[in-house]
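Fold and geometry: a report
Spelled out, the chains give:
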Amino acid sequence: MESAPRHVTLVETGPRNRRPHPVPLSPAILAGLVNRLVQAGLRDLVVAGGEELVRRQDDRDPEPLLADLPRHPDVRYSLRVDDLAVLENTIAAGATEIAVRTPGTSGAARRDVAGDIEDGLRRLEPVARLAADHGIRLRGHLDGVVVCPLDGPVEPGLAAGLCGELLNLGCFEVSLGDETAGGDVAAWRAMWEACAARVGPDRLA
């Protein structure tokens, strides 16, 4: 892999992805989890979602604001925002970076946005504009880059094209992920090479 990076960026989403747990983590437990992840060496963490900040208004035990989390000068916290309706809550929470996600295949788009891939990108356009107006950094997340649980194997060119679209929206980098952990080494290499050729390896995570 000629375009392979000299280092790997790990974007930790554990504090964000709590769907398997029937009871949300308390602010104290979440802050402790984040602190331990930072002590383990992680520097990029997605710690909450915009919809959680919306629920804060009526929640007696709300998710913590960014101010409640341990502060470290070289650690970046980002909040997941996919909808303009919740971005203002994220801005009020003091976020300096947000993460947006777009469906990577037609099947995922039908499931996630009840539309097509273009619909998924269009819904992020006003989010990207408002984030830019407030000086908030925008990270893109693309899931299902090798094997989609609905559509099967994904053509590398599809993931590469979406990387380009996310950078056009203003994302400083695109985090590549796969829901199935499927595919073989050749498939992952082909996906990486296609995306790196499109946007450059330094814009990928």
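Starting from 1, residues in each chain are numbered consecutively following that chain's sequence as written. Reporting of local features is limited, given that this is a predicted model, to residues whose pLDDT is at least 70; pairs of side-chain atoms are given and counted only at 80 or more, and all residues count toward the totals for whole chains, interfaces and linings. The side-chain numbers reported here are obtained from all heavy atoms of the structure, hydrogens and water having been left aside.

All right, on to the packing of helix α3 (residues 84-92) against helix α6 (residues 125-133) then. The relative placement of two packed helices comes down to the angle between their axes together with the axis-to-axis distance. Angular values range over 0 to 180 degrees, each being the angle between N-to-C directions of two axes fitted as lines to C-alpha atoms, with helices fitted over their stretch in contact. Secondary structure is summarised from DSSP: a helix means a run of H or I of at least four residues, a strand means a run of E of at least two, and numbering begins at the N terminus for each. Running from N to C, α3 and α6 cross one another at 25°; their axes reach a closest spacing of 9 Å. Taken together, the axes of α3 and α6 are roughly parallel relative to one another. You can see that α3 and α6 cross each other, and the crossing is right-handed. Contact with α3, carried on its side by Leu84, Leu87, Glu88 and Ile91, involves Pro126, Val127, Leu130 and Ala131 of α6 and no other residues of that element. Here the nonpolar group is Ala, Val, Leu, Ile, Met, Phe, Trp, Tyr, Cys and Pro; Asp, Glu, Lys and Arg are the charged ones; every other residue, Gly included, is treated as polar. Of the residues assigned to the contact of α3 with α6, the class counts are seven nonpolar, no polar and one charged. Oblique is the label for every angle not falling under 35 degrees (roughly parallel), over 145 degrees (roughly antiparallel), or within 65 to 115 degrees (roughly perpendicular). By definition, any crossing whose near helix is turned counterclockwise from its far helix by less than a right angle is left-handed, and any crossing with a clockwise turn is right-handed. Contacts are assigned to residue pairs with any non-hydrogen atoms lying within 4.5 Å of each other.

We now examine the state of the cysteines. Where two cysteines share a covalent bond between their sulfur atoms, that bond is called a disulfide. Disulfide: a pair of cysteine sulfur atoms within 2.5 Å of each other. Summed over all chains, the structure comprises zero disulfides. Here cysteine 163 is not cross-linked by a disulfide; its sulfur's nearest cysteine counterpart is in cysteine 195, at 3.7 Å. Under the relative-accessibility criterion, cysteine 163 is labelled buried at 0%. Only protein chains enter the calculation, and the probe is 1.4 Å; a residue is then buried if its accessible area is under 20% of its type maximum, exposed if over 50%, and partly exposed in between.

Next up on the list: the pairing of strand β5 (residues 137-142). Most of β5 sits out of view: five of its six residues are buried. Bridge analysis of β5 against strand β8 (residues 173-176) gives four bridges, and the strand direction is parallel. Across the sheet, the residue bridging to histidine 141 is serine 175, located in β8. When DSSP locates at least two bridges between a pair of strands, those strands are taken to pair.

Here, nonpolar core means buried Ala, Val, Leu, Ile, Met, Phe, Trp, Tyr and Cys residues that are tied together by side-chain atoms lying within 4.5 Å of each other. Among the nonpolar cores identified, the biggest contains 35 residues, and Ile98, Leu142, Leu176 and Leu204 are the most heavily contacted of them. Counting only elements with at least two residues in this core, the list comes to α3, β4 (97-102), α5 (117-122), α6, β5, α7 (156-169), β8 and α8 (185-199). For this core, the leading source of residues is α7, giving seven residues. Leu30, Ala31, Val47 and Leu69 belong to the second-largest nonpolar core, a separate cluster that totals 15 residues.

One non-glycine residue, alanine 114, lies in positive phi territory at about 50°. Relative to the elements of secondary structure, alanine 114 occurs in the loop between α4 (106-113) and α5.

Only centres within 6.5 Å qualify two rings of Phe, Tyr or Trp (six-membered ring in Trp) as a pair; their planes then separate them into stacked at under 30 degrees, edge-to-face at over 60, and tilted for everything else. Considering all chains together, one arrives at zero aromatic pairs under this definition. Looking at arginine 137, its charged tip hangs above the ring of phenylalanine 172, at a distance of 3.8 Å from the centre. Criterion for a charge above a ring: Arg CZ or Lys NZ at most 6 Å from the ring centre, at most 35 degrees from the ring normal.

Quick look at α8 now. Working rule for helices: expected span equals 1.5 Å times residues minus one. Over its 15 residues, α8 runs 21 Å from end to end, which matches the ideal 21 Å to within 8%, given 1.5 Å per residue. Buried-residue contacts for α8 involve α7 and β8.

Before going further, it helps to examine the side chain of glutamate 173. Here glutamate 173 shows up in strand β8. Ignoring sequence-local partners within four residues, the contact set of glutamate 173 consists of Arg76, Leu138, Arg139, Gly140, Arg203 and Ala205.

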